[in-house]
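# Coordinate inspection notes
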Amino acid sequence: MQPALAAPTEEKIPSRRRKRLPLSFIIGGLAILAAVIYLVYANTQANAVYYMTVSELRNCTTCTTQSVRVAGVVQQGSIVRNDQQQLVTFVIAQGAQRLPVTYNGVVPDIFRPGIEVVVEGHYTGQGPFQAQNLLAKCPSKFQAATPTP
Amino acid sequence: MHFSDLGFIALILGLGCAVYTGCVAVLGAQRKNTRLVESAKRGVLAVAFFLVLASAALVVSFLSHDFGVSYVAQHSNLAMPWYFTTAAFYGGQEGSLLYWALMLSVFSAIFVVTARRVAPVLAPYVMVTLMAIETFLLIVLITVSNPFARLSVVPPDGVGLNPLLMDPGMLIHPPMLLMGYMSFSIPFAFAVAAMITGKLDSAWLRSIRRWMLASWSIQTAGLILGAWWAYHVLGWGGYWGWDPVENAALLPWLTATAFLHSTMVQERRGMLKVWNLVLVVASFTLAVFGTFEVRSGIISSVHSFAYSDIGIYFLVFLVIIIIVSTGLFLYRLPKLRPEQEFDSVVSREGIFLLNNLLLVGIAFATLWGTIFPLISAALRRETMTVGPPFYESVNGPIFIVLILAMGVGPLLAWRRTSSRALWHNLAVPALAAALCAAVLPLAGVRDIWANVGFAVCTFTAGAIFYELWRGMLVRHRHGEAYPLALYMLIKRYRQRYGGYIVHLGLVMLAVGVIGSHFFQVQQVNTLKAGQQMHVAGYTLNYIGNIEETGPGTDTVKSIVQLWKDNQYQGFIYPGRIFYQNFGNQPASQISITTIGLTDVYVLLADWNGASEATIRVFINPLTSLVWYGGALMLIGGVICWWPERRRKGIQVNSEMPGIPGVAAPLGPPATTVEQGEKQVGQDDKEIVV
């Protein structure tokens, strides 16, 4: 029997003279562990999205093909809707940096000037940011984050 | 003197009591002085009294519209109905912390009242731990997050509650989830007490498991209600978005589930002691981590909480918990030896280990995804995130294996199972699964993963029903009618059959998730009055918009006729509701029509005048099963938890391995014996609580 060097669980090494964890447990445990780690690793590789600031985005060379996320505040008077095509364009600002965005799809309920949004999509380096996803930061369950009118 | 002053005084007195109770409990335990321990018990009750008082003061402040209290002004207004005004109590950070402290004190009081069953050596240390947590919360409440802080100028009216919170779900989901988070403190306190005293006997195990079952049930209810609320209010057609806040609630649930399974190994075979303690401590740590994470703003979430400096308090608290429990582990480790050895992988222990590895694997993957922005920022100096696809493709397969294990597990005997016996038990469910996999493609299920998922669910459901059937059959042969047999079976073997009900609920939930994940159809159309849209066999006939005005609200609704395969189903009214103080933030009134097991989820995305609307439709097949399954899980949890009448003179603790347990000796003995013989793995002994 194998010494329980790599016990699959936190199972502590048993008492002195008795036999240790059976080999089958160790192999099975390691196999599952390896599978989980592989799943996590592979999917992290496949699904990780860069979170960028607007200035980082401007210098990004891979953003044409790679999906990135940018957060910002929707600017007053910048929202233009085209209801026929479900198209909306707006400008988000992050500090002094501004970024025009086009988005095709249904806009969240709370989308309006002044709220913080996260857009996810591609950026070619010129023209507006093409968002595939528009997430509005929803005022939480526990806090009325919206300022008093 | 305002009610808020009273509340604040109650908080301070509560803090005093908590500190006193902690000190006295330690002294009492050290000097073995029962009078001091008794005093500590009364101290716990006093803490509960003061927190009830403080909470009542806050509720009264709300109901009397005392807008001089900043928290009341921020979270309520005159137009709100009384039930939302009361619920606003936990609608913000300060109040939710107070609610948490209240629940902790109430649970501590319940512990004290029922503590007669707990070994007297343990009780003082349980109280110390609980009071330490309570002290922490009260310090935060008194210093940085005071719900009773007053404004210098009293506003005429309050801001009101956020529209998204003006939903019946608000009345029950947040309190449930917060209670769930909090309730992990009690098993944690038991774990700490056991590590300090070194007393991990079977009575301790029974108590900690019952408390954990309670926490598990509460957290299950909180999670299901949260999903239900998101589905009915947020309007994106789904119920679970793998948002950091949702993940935070799921994490302790996963480790608690693992614990509930692996304690059976400890109870039965005296193994996995350290592992079980790790799981209890992990559950509590993850619950605190969740609170820290959502309140510190450290991880970007679509839920934005108030970014106060409260996060740092929770971080310090978290670090203290981890250091203290690690220290106790190291101190106690030499004594925590397993009493027995593992024999074979194909055994009940083996499958429990598998279950634990999978659950912890899911928890790990979910935690990894949640804190990935921090990990990547630390390792690669770039902030990266992973979205729902990550969780789906990692956790999906693991869950499927877990469900498979759930079907096989109960059919395995402790220690080892012969392959013949195994096959004998598995043949029927396996056949059902194969049949399901073969038939589904004909019924239009072309997606291979969906098919695998459904087949696995069929297998496990089949295995559970087969077990139930055989159990009923045995009793039926002894002259009980089938329904009575089922009832008696559940009544007599609560843990076992309660567990099956939970499993069945999870299978239903999984079928619902697979159905709505793989087969959701969505469509958006802008319609003029009289126009129609067709979605997956459903026809929506748009008629026009109407407007309704209520107290403090203004509602726009579309009138739509719903048809399915040319059969009239009725009118639906998807709408938007505007609240006075939140005019820019209309809330959706989603119309959900359940036909069979399919939800027709209709949302008014936009409108123009009285006769034009943009309507978004989701067809969500099998989503109802998510709710039914969730409810069933909860029922099963409660059945497992439900106290059994104490019976005298039954000792089941010191049993030899391998000898089938002497099942509870009530009822016709022939039945129990026969069950023990006929069913492999039916030899669970009954725990008399």
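From a predicted model like this one, the values you see are computed outputs, not experimental measurements.

### Considerations on the overall build of chain A
Across its full length, chain A holds 2 helices and 8 strands. The order of helices and strands in chain A, counted from the N terminus, is α-β-α-β-β-β-β-β-β-β. Per-residue burial over chain A gives 32% buried out of 149 residues.

### What to know about the overall build of chain B
In terms of regular secondary structure, chain B is built from 20 helices and 12 strands. For chain B, the C-alpha radius of gyration of 27 Å lies close to 26 Å, the compact-globule estimate for 689 residues. C-alpha extents for chain B along the principal axes are approximately 80 × 70 × 60 Å. Buried positions account for 54% of the 689 residues belonging to chain B. Partitioning the intrachain contacts of chain B with sequence separation of at least 6 by distance along the chain shows that 73% fall at a separation of at least 24.

### Digging into the pairing of strand S2 (residues 68-74) of chain A
Each regular strand displays side chains that alternate between the two surfaces of the sheet. All names here are of chain A. Taking burial as the measure, the 7 residues of S2 include 5 buried ones, the bulk of the element. Summarising the sheet, S2 and strand S6 (residues 116-122) pair through 6 bridges and their orientation is antiparallel. By the bridge assignment for S6, Arg69 is matched with Glu120. In terms of strand pairing, S2 meets strand S4 (residues 87-94) through 2 bridges, oriented antiparallel. Bridge pairing in S4 links Val73 to Ala93.

### A few points about the nonpolar core
A:Val119, B:Ala101, B:Val126, B:Leu137, B:Ala191 and B:Ala510 are the most contacted members of the largest nonpolar core, which totals 227 residues. Excluding residues that lie within four positions of it along the chain, B:Leu137 makes contacts with B:Leu97, B:Trp100, B:Ala101 and B:Leu104. In this structure, B:Leu540, B:Tyr601, B:Val617 and B:Ile619 belong to the second largest nonpolar core, which totals 19 residues.

### Observations regarding the packing of helix H8 (residues 185-197) of chain B against helix H9 (residues 202-233) of chain B
Residue and element names in this part refer to chain B. Interhelical geometry of H8 versus H9 gives an angle of 160° and a closest axis separation of 8 Å. Comparing the axis directions of H8 and H9 gives the class roughly antiparallel. In terms of crossing hand, the pair formed by H8 and H9 is left-handed. On H9, the residues touching Ile186, Pro187, Phe190, Ala191 and Ala194 of H8 are Trp204, Ser207, Ile208, Trp211, Met212 and Ser215. When grouped by side-chain class, the residues that make up the contact of H8 with H9 number 9 nonpolar, 2 polar and no charged.

### Some details on the confidence of the model for chain A
Chain-level statistics for chain A give a pLDDT mean of 73 and a share of 75% at 70 or above. This stretch, residues 1-17 of chain A, has a pLDDT under 50; its non-local contacts, to residues over four places away or in other chains, come to 41 contacts.

### Describing the packing of helix H16 (residues 448-477) of chain B against helix H17 (residues 482-492) of chain B
All names here are of chain B. Direction vectors running N to C along H16 and H17 enclose 110°, while the axes themselves pass 9 Å from each other. On the basis of the axis angle, H16 is roughly perpendicular to H17. Here H16 and H17 pass one another in a crossing that is right-handed. Of the residues in H17, those in contact with Leu468, Gly471, Met472, Arg475 and His476 of H16 are Tyr482, Ala485, Leu486, Met488 and Leu489. Class assignment for the residues of the contact of H16 with H17 results in 7 nonpolar, 2 polar and 1 charged.

### What to know about the domain arrangement of chain B
Residue and element names in this part refer to chain B. The domains assigned to chain B are domain 1 (3-215 + 272-336), domain 2 (418-518 + 625-643 + 661-678) and domain 3 (521-620). Using C-alpha coordinates to define each centre, domain 1 is positioned 42 Å away from domain 3. Contacts between the two partners involve 8 residues from domain 1 and, on the opposite side, 8 residues from domain 3. The residue makeup of the side of domain 1 that touches domain 3, split by class, is 5 nonpolar, 3 polar and no charged.

### So, the pairing of strand S7 (residues 129-136) of chain A
Residue and element names in this part refer to chain A. Of the pairings in the sheet, the one linking strand S5 (residues 97-104) to S7 comprises 3 bridges and is parallel in character. Residue pairing across strands places Val101 opposite Phe129, the latter belonging to S7. Here 6 bridges tie S6 to S7, and the two strands are oriented antiparallel to one another. Bridging from a neighbouring strand, Glu120 pairs with Asn133 of S7. Hairpin remark: S6 followed by S7, antiparallel, with 6 residues in the connecting loop; positive phi at Gly125, about 100°.

### Thoughts on unusual backbone geometry
Residues and elements named next belong to chain B. Phi is positive for His65, close to 50°, though the residue is something other than glycine. The class for His65 is partly exposed, based on 17 C-beta atoms found within 10 Å. One non-glycine residue, Leu272, lies in the positive phi region at around 60°. Structurally, Leu272 is set in the loop between helix H10 (244-269) and helix H11 (273-296).

### Topic: the environment of B:Leu315
Residues and elements named next belong to chain B. Following the sequence through the fold, Leu315 ends up in helix H12 (residues 310-332). Residue classification places Leu315 among the partly exposed positions, given that 16 C-beta atoms sit within 10 Å. Expressed as a C-alpha distance, the spacing of Leu315 and Phe292, which sit 23 residues apart in the sequence, is 6.4 Å.

### Notes on the environment of B:His534
Residue position: B:His534 is located in strand S4 (residues 532-535). With 11 residues separating them along the chain, B:His534 and B:Gln523 place their C-alpha atoms 8.9 Å apart.

### Regarding the environment of B:Gly471
Among the structural elements, B:Gly471 can be located in helix H16. Overall, B:Gly471 belongs to the buried group, with 25 C-beta atoms counted inside 10 Å.

### Digging into the sheet that holds strand S11 (residues 598-607) of chain B
Residue and element names in this part refer to chain B. Read from one edge of the open sheet, 4 strands run S3-S12-S11-S10, paired in antiparallel fashion. The open sheet has two edge strands, strand S3 (521-528) and strand S10 (591-595), and neither has a second partner. Neighbouring strand axes in the sheet, compared pairwise and without regard to direction, differ in orientation by 20° on average. Across 8 bridges, S11 lies against strand S12 (residues 612-620) in antiparallel orientation. When the sheet's bridge partners are listed, Leu604 is paired in S12 with Ile615.

### Focus: H16(B)
Its 30 residues give H16(B) an end-to-end C-alpha distance of 43 Å, which sits within 8% of 44 Å, the value for a rise of 1.5 Å per residue. Trailing H16(B) by a residue or two, B:Gly479 shows a phi angle of about 90°, which is positive.

### Describing the confidence of the model for chain B
Residue and element names in this part refer to chain B. With 91% of its residues at a pLDDT of at least 70, chain B reaches an overall mean of 85. Of all secondary-structure elements in chain B, the lowest mean pLDDT belongs to helix H20 (residues 669-678), at 34, while helix H19 (residues 623-641) reaches the highest, 95. Below pLDDT 50 for its whole length, residues 648-689 participates in 60 contacts with residues either more than four positions away or in separate chains.

### Here's the deal with helix H13 (residues 348-380) of chain B
At B:Ile371, H13(B) shows its strongest bend, of approximately 65°, with the proline B:Pro373 following within four residues. Following H13(B) by one or two positions, B:Arg381 has its phi on the positive side, about 60°.

Here is what the cut-offs are and how they apply
Here the residue numbers are simple positions, counted from 1 along each chain's written sequence. Chain A is the first chain written and ligand 1 is the first ligand written, with later ones labelled in order. Given that the model is predicted, a residue must reach a pLDDT of at least 70 before its local features are reported, and side-chain atom pairs must reach 80 or more before they are shown or counted; all residues, however, enter totals for whole chains, interfaces and linings. To qualify as a helix, a DSSP run of H or I must reach at least 4 residues; to qualify as a strand, a run of E must reach at least 2; elements of each kind are numbered from the N terminus. Put plainly, a residue is buried at 20 or more neighbouring C-beta atoms within 10 Å of its own, exposed at 12 or fewer, and partly exposed in between, counting only other residues' C-beta atoms, which are placed from the backbone. In this setup the radius of gyration rests on C-alpha atoms only. A globule is expected at 2.2 Å times the number of residues raised to 0.38. Residues are scored as being in contact if the C-beta atoms we place from backbone atoms lie within 7 Å. Each pair of strands is called paired provided DSSP finds at least two bridges between the two strands. A set of buried Ala, Val, Leu, Ile, Met, Phe, Trp, Tyr and Cys residues, joined to one another through C-beta atoms within 7 Å, is what we call a nonpolar core. Note on geometry: axes are lines fitted to C-alpha atoms, helical ones only across the stretch in contact, with angles between N-to-C directions running from 0 to 180 degrees. Oblique is the label for any angle not under 35 degrees, not over 145, and not in the 65 to 115 range, which are roughly parallel, roughly antiparallel and roughly perpendicular in turn. Two helices that cross are described as forming a left-handed crossing if the nearer one is turned anticlockwise from the farther one by less than a right angle, and a right-handed crossing if clockwise. Note on residue classes: Ala, Val, Leu, Ile, Met, Phe, Trp, Tyr, Cys and Pro are nonpolar, Asp, Glu, Lys and Arg are charged, and everything else, Gly too, is polar. Values of pLDDT, which run from 0 to 100, indicate the predictor's confidence residue by residue. Throughout the structure description, domain borders are defined by an automatic or database domain assignment. The span you would expect from a helix comes to 1.5 Å times its residue count less one. Bending is quantified residue by residue as the angle between axes fitted to the seven-residue window ending at that residue and the seven-residue window starting at it.

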